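# Inside the fold
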Amino acid sequence: MFYKLSNIAEGVELEKQFGIPLEYPELYSKQPIINGLNEENLLVILQDKPEVLSIAIWGILPENFNDDWQMFQNVSNTLNLEAETLKHDRWYCDALYERRCLIIVSGYFATLLSKGKLYPYYVYKKSKKPFCLAGIYNRLSDGFVTCSIIISRNLGVKRSVVDIFNEGPIILDEHTSEKWLSYDISQEEIEEIINRPAQTELNAHPIAKEFYKNDIIYNGILDPVNYRNIPAKI
């Protein structure tokens, strides 16, 4: 399961790259590690509000849900949803076909299992620019937006960058991002994007194992760390 992301881009950089303003610039701050288990916000572009960079709570809840976020996540963790199971649940399916979003990050994390030990890797684009993940969203009765990342085993990335669970988030390029937010797209085209993601060139390097400790974040947490017997860079 992917429950940590990274967004270290400055607000001005994001506005320039995507050509739209931050809806709530006072609420945006860059974060080297975004821990979804703590009810964190993500930067998103919503299908019904593509003119701004919006904020959404990470962990989708049912439409018009008015109970506690943490309670729901304890029952059914929805930080990320598997593409293969999205169509089997009605309220996930409705969001997939009616409320899609782009989730903007500068990187995500994968884990390598080597000789009985786990090693965290930071995964990012070769250009080091922010990029978009495929997501879905719902609106609560109070107007807040909640979202989830779609993950898949069918990834358009290097096999070595895939997590030990052989899954990863679906990365959208500029062309598929535009299609993902379109209301004119068919169900078959949506499923095509999920099942056959566009090829993406990524880099990855190992980082400090403090990454696994939820209360430890420091300057340089994303810096490369050299370990014996594992690749220093992918």
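Report on the accompanying structure.

A word on the pattern of salt bridges. Summed over all chains, the structure comprises eight salt bridges. In this structure, E10 engages K30 in a salt bridge whose closest nitrogen and oxygen atoms are separated by 2.7 Å. Taken as a pair, E10 in the loop between β1 (4–7) and α1 (11–18) and K30 in the loop between α1 and β2 (31–35) lie far apart in primary sequence, 20 residues in all. By relative accessible area, E10 is classed as partly exposed at 43%. You can call K30 partly exposed: its relative accessible area is 44%.

With that settled, consider helix α3 (residues 90–98). Those residues of α3 lying buried are Y92, C93, A95, L96 and Y97. Buried-residue contacts for α3 involve β5 (80–82), β6 (100–105), β9 (131–139), β10 (145–152), α4 (174–180) and α5 (187–195).

With respect to the helices and strands, L172 occurs in strand β12 (residues 171–172). When the C-alpha atoms of L172 and I103 are compared, they prove to be 9.7 Å apart, with 69 residues separating the residues in sequence. Residues in contact with L172, not counting those within four places in the same chain, are L102, C132, L133, A134, S177, W180 and I193.

This brings us to the sheet that holds β2. Read from one edge of the open sheet, five strands run β2-β1-β7-β8-β13, paired in antiparallel fashion. At either end of the open sheet lies a strand with only one pairing partner, and these are β2 and β13 (202–206). The sheet shows a mean angle of 35 degrees between the axes of neighbouring strands, direction not considered. The sheet contact formed by β1 and strand β7 (residues 107–114) spans two bridges and is antiparallel. Note on β7: the bridge partner recorded for L5 is Y108.

So, about the pairing of β10. Counting buried positions along β10 yields eight of eight residues, so the element is predominantly enclosed. The side-chain alternation of β10 yields two buried faces, one formed by V145, C147, I149 and I151 and the other by T146, S148, I150 and S152. Inspection of the sheet shows strand β4 (residues 49–58) paired to β10 by two bridges, in the parallel sense. Its bridge partner being in β10, I57 is matched across the sheet by T146. Relative to β10, β5 runs parallel, the two sharing three bridges. Considered in β10, the bridge of E82 is made with I151. Where β9 lies against β10, five bridges are found, and the strand directions are antiparallel. Counted as the bridge partner of R139 is V145 from β10.

Conventions used here
- Residues numbered from 1 in each chain as written.
- Predicted model: local features only at pLDDT ≥ 70, side-chain atom pairs only at ≥ 80, totals over all residues.
- Heavy atoms only, no water.
- Salt bridge = Lys/Arg side-chain N within 4 Å of Asp/Glu carboxyl O.
- Helix = DSSP H or I, 4+ residues; strand = E, 2+ residues; numbered from the N terminus.
- Buried < 20%, exposed > 50% of the residue type's maximum accessible area, 1.4 Å probe, protein only.
- Contact = heavy atoms within 4.5 Å.
- Pairing = 2+ DSSP bridges.
- Axes fitted to C-alpha atoms, helices over the stretch in contact; angles between N-to-C directions.

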